[in-house]
Amino acid sequence: MNVLAVGCHPDDLEIACGGTLAKYVDQGADVYMCHAANGNMGHVEILPEPLAKLRAVESECAGEVLGVKKVFNLDIGDILVNRFDYEAVDALADVVRFVKPDVIITHNDMDYMQDHIETSRLVFNSSFIATLAHKSVKYAAFNEFVPIYFMDTLAGVDFIPTHYVDVTKQIDRKLQALACHESQIKWMMEHDGIDFLDMVRTCSRYRGYQCGVTYAEGYRPCTVYPRMTTKQLLP
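The residue numbering used here restarts from 1 in each chain and proceeds along that chain's sequence as written. The predicted origin of the model limits local features to residues at a pLDDT of at least 70 and limits the giving and counting of side-chain atom pairs to 80 or more, whereas totals for whole chains, interfaces and linings rest on all residues. Here the side-chain values reflect all heavy atoms present in the structure, with hydrogen atoms and water set aside.

## Quick look at the packing of helix 2 (residues 48-66) against helix 6 (residues 182-192)
Here is step 1 of the chain: Viewed as axis vectors pointing N to C, helix 2 and helix 6 meet at an angle of 110 degrees, and their least axial separation amounts to 9 Å. Relative to helix 6, helix 2 is oriented roughly perpendicular. Contacts between helix 2 and helix 6 pair L51, L54, R55 and E58 from the former with E182, S183 and Q184 from the latter.
Here is step 2 of the chain: Lys, Arg, Asp and Glu make up the charged group, whereas Ala, Val, Leu, Ile, Met, Phe, Trp, Tyr, Cys and Pro make up the nonpolar group; the residues left over, Gly among them, are polar. When grouped by side-chain class, the residues that make up the contact of helix 2 with helix 6 number 2 nonpolar, 2 polar and 3 charged. Every axis in this analysis is a line fitted to C-alpha atoms, fitted for helices over the stretch in contact. Angles between the N-to-C directions lie between 0 and 180 degrees. Each helix is a run of DSSP H or I of at least 4 residues and each strand a run of E of at least 2, with the numbering of both proceeding from the N terminus. Put simply, angles under 35 degrees are roughly parallel, angles over 145 are roughly antiparallel, angles from 65 to 115 are roughly perpendicular, and the rest are oblique. Residues count as neighbours in contact if any of their non-hydrogen atoms are within 4.5 Å of one another.

Okay, structure coming up:
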């Protein structure tokens, strides 16, 4: 399988689907990660430009821990992700054409901040435009309407999974990948008093309780024509 996971900020994928991506890799899939925003506003002391560079390095580190083939970065500034930014749509469409994914994982279409919602819609729009023969930018059109799975929201708020992935064997790797985002983990502890690694572990434990395993990640499919399939696409 080819798997494409598209998150908004560096660390969003590790939080919500890092265990699933590691499990795909363990099962022999080629996994690709893509960040829409560069995370340049994610600190109160580090200025945006150096922070964006730092977070790009952190995301590459996390990708190595998970074992993914490549980490893409659309390099959009925080709070600027926009489904109607056609340059961004074309860029992400070319990522889809390059990866030729069997499945795409991205943010829920309702979430706690605009960037996440816009990334979800950007994925929806770009994966459709990737099929258009006369809209290709760098690669030939990919003639598949790729199934999309929405990943969990932060702390699982207002998200009811319909599908679960057992990530018990991958939980330590998931947290190790998340720990690569030191600029965020350290800042949240110092600034907000939040042990984010413990929070993410606890959320995975909660989803595990729901489906009868130790640790799990939750999903729901995008159920519009023609995105549904009879195939079992989650690992």
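After presenting the structure, the write-up continues.
## Let's talk about the nonpolar core
Here is step 1 of the chain: Put simply, a nonpolar core is a bunch of buried Ala, Val, Leu, Ile, Met, Phe, Trp, Tyr and Cys residues held in one set by side-chain atoms that sit within 4.5 Å of each other. When a residue's accessible area, from a 1.4 Å probe over protein chains only, is under 20% of the maximum for its type it is buried; when over 50% it is exposed; and in between it is partly exposed. Ranked by size, the top nonpolar core spans 37 residues in total, and within it C17, L21, Y24, I105 and Y219 carry the most contacts.
Here is step 2 of the chain: When residues in this core are grouped by element, the largest group, 7 residues, is from helix 1 (residues 12-26).
Here is step 3 of the chain: With sequence-adjacent residues up to four places away left out, I105 is seen in contact with L4, A5, V6, C17, T20, L21, Y24, Y149, M151 and Y219.
Here is step 4 of the chain: Residues L4, V6, Y32 and F142 belong to the second largest nonpolar core, which totals 29 residues.

## Focus: the side chain of E58
Here is step 1 of the chain: Along the chain, E58 falls in helix 2.
Here is step 2 of the chain: The positive count covers Lys and Arg only, the negative count covers Asp and Glu only, and His and the chain ends enter neither. Put simply, a salt bridge is a Lys or Arg side-chain nitrogen that is within 4 Å of an Asp or Glu carboxyl oxygen. For the buried E58, no salt bridge is present, and the opposite-charge side chain at shortest range is R55, 4.4 Å distant.
Here is step 3 of the chain: Other than its neighbours up to four places away in sequence, E58 contacts C180, H181, E182 and S183.

## A closer look at the layout of surface pockets
Here is step 1 of the chain: Approximately 470 Å³ is the volume attributed to the largest pocket.
Here is step 2 of the chain: Lining the largest pocket are 26 residues, and of these H9, D12, Y112, M113 and Q184 lie nearest its centre.
Here is step 3 of the chain: Every element with two or more residues in the lining of the largest pocket is listed here: helix 1, helix 4 (114-129), helix 6 and helix 7 (196-211).
Here is step 4 of the chain: Residue composition of the lining of the largest pocket, grouped by class: 13 nonpolar, 6 polar and 7 charged.
Here is step 5 of the chain: Estimated volume of the second largest pocket: approximately 300 Å³.
Here is step 6 of the chain: Lining of the second largest pocket is provided by 14 residues; of these, L74, A91, D94, V95 and K138 occupy positions nearest its centre.
Here is step 7 of the chain: Mapped by element, the contributors of at least two residues to the lining of the second largest pocket are strand 3 (70-76) and helix 3 (86-99).
Here is step 8 of the chain: Here the lining of the second largest pocket takes 7 residues from helix 3, the largest share from any one element. Space inside and on the surface of the protein is sampled on a 1 Å grid over the protein atoms alone, with a cavity defined as a set of points where a 1.4 Å probe fits but cannot get out and a pocket as an open set with protein on both sides within 12 Å along at least 5 of 7 lines; lining residues have an atom within 4 Å of a point. Grid points are joined across faces, edges and corners, and a volume is the space filled by probe spheres set on the points.

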